[in-house]
Amino acid sequence: MDAPGRASTDRLARVLHMLRMSGTFYCQAELSEPWALQMPAIADSVSFHVVTAGTCLLRVADRPPVELRAGDLALVPRGLGHDLLSDLDSGPGPRVDLLPQEYLSPRYSVLRYGGSGRTAQLICGIVSFDDPAARELMRTLPTVLSISGDSPAAASSVRDTLRLMAGELVRPQPGGEAVATRLADILVVQAIRAWIAEGEQPAAGWLRGIRDERIGLALEAIHAEPGREWNLERLAQVAAMSRSSFSVRFTETVGESPMAYLARWRMSIAESRLRREHVTAAGLATQLGYRSEAAFNRAFTRIVGRTPGSVARDEVPGP
């Protein structure tokens, strides 16, 4: 496989530039030992935790816990439930969203909890996303992505972002929540960028594909024109490869075949639009390259697990 070059770096930069989150909630936590908290699973979300003083452990399911020290940043990018603990003997704890908190705004709270021992301070956030690119990126990242506060790639930039975020939240102004949400976008991007800068290699998936010199060209073409009448031969031409070589390399890099990825990307776009807009299945079928509404409905139900109509009824707000 070709080593990542300038073109793949620029491609990744464009993806990160367009990354958008929504529905952010922040909590400033002051936690005294012994303490333990459960963070509930929330679909299509990423949780982030920054330790500003003291230490803590972050544990996801049965995986070994990750120790976080002052200045460290951790992401749990797949909406998984997880625990924060002062030590391994302190769990399990209560769900954090069920504890009494001081709400400084509808999206920002202060939590004081625990015993009478040493205190740890954290800034925690939950960021939702409905953007297809964000969904694909989060699928590729590790279960826990942790960045040391000593990392040259992250230390000063993360601190600057957190300082700006705290200013927007503590002193609410018009548009402050929108600014804080964009700052959360930046914080997530900084963490991903630092993770990559430290030489971490993503597993097979979208991020690895975007960074591949040839497969990245095909992915970018699919993203730019999802409704085009793509087939294996046309995508291989974009990547300047033979059909057989392209198919093998795409599958090894992305983790699924080119046509399977194309179908899932189209349905990810369709699901996002059904959640946010008043669109019809017939309109989406035409825009996304399906010959009939029935064919689109079958593909959507197979990939998403629900009908287009049920998603639209549940999610689209009224006029």
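A brief look at the structure comes next. Since the model is a prediction, treat every value here as computed from it, not as a measurement. (Residues numbered from 1 in each chain as written. Predicted model: local features only at pLDDT ≥ 70, side-chain atom pairs only at ≥ 80, totals over all residues. Heavy atoms only, no water.)

### Side note on the nonpolar core
Right, on to step 1. One finds Phe-48, Trp-206, Phe-246 and Phe-296 to be the most contacted residues of the largest nonpolar core, which totals 68 residues.
Right, on to step 2. When residues of this core are assigned to their parent elements, the largest contribution, eleven residues, is made by helix α4 (residues 176-197).
Right, on to step 3. Setting aside its immediate chain neighbours within four residues, Phe-48 contacts Tyr-26, Leu-73, Ala-74, Leu-75, Ile-123, Cys-124, Gly-125, Val-127, Met-165, Ala-184 and Leu-187.
Right, on to step 4. Grouped together as the second largest cluster of nonpolar side chains are 20 residues, Ala-29, Val-60, Leu-68 and Ala-74 included. (Core = buried A, V, L, I, M, F, W, Y, C linked by side-chain atoms within 4.5 Å. Buried < 20%, exposed > 50% of the residue type's maximum accessible area, 1.4 Å probe, protein only. Helix = DSSP H or I, 4+ residues; strand = E, 2+ residues; numbered from the N terminus. Contact = heavy atoms within 4.5 Å.)

### Some details on unusual backbone geometry
Right, on to step 1. Residue Pro-34 is bonded to the preceding Glu-33 through a cis peptide linkage, with omega at -10 degrees.
Right, on to step 2. On the secondary structure map, Pro-34 appears in the loop between β1 (22-32) and β2 (36-39).
Right, on to step 3. Not every positive phi belongs to a glycine, and Asp-44 is a case in point at roughly 50 degrees.
Right, on to step 4. Relative to the helices and strands, Asp-44 is located in the loop between β2 and β3 (45-53).
Right, on to step 5. In this structure, Ala-240 takes a positive phi of about 55 degrees despite not being glycine.

### Let's talk about helix α8 (residues 243-254)
Right, on to step 1. For α8, spanning twelve residues, the distance from its first C-alpha to its last is 16 Å, which sits close to the expected 16 Å at 1.5 Å a residue.
Right, on to step 2. Turning to α8, its buried residues number three or more, namely Phe-246, Arg-249, Phe-250, Thr-253 and Val-254. Buried residues along α8 cover an arc of 105 degrees about the axis, so they all sit on one side. Opposite its buried face, α8 presents the exposed residues Ser-244 and Glu-252, each directed more than 90 degrees away. (Expected span 1.5 Å × (residues − 1). Arc of directions from axis to C-beta.)

It is worth stressing that arrangement in space is one thing and function is another; only the former is reported here.
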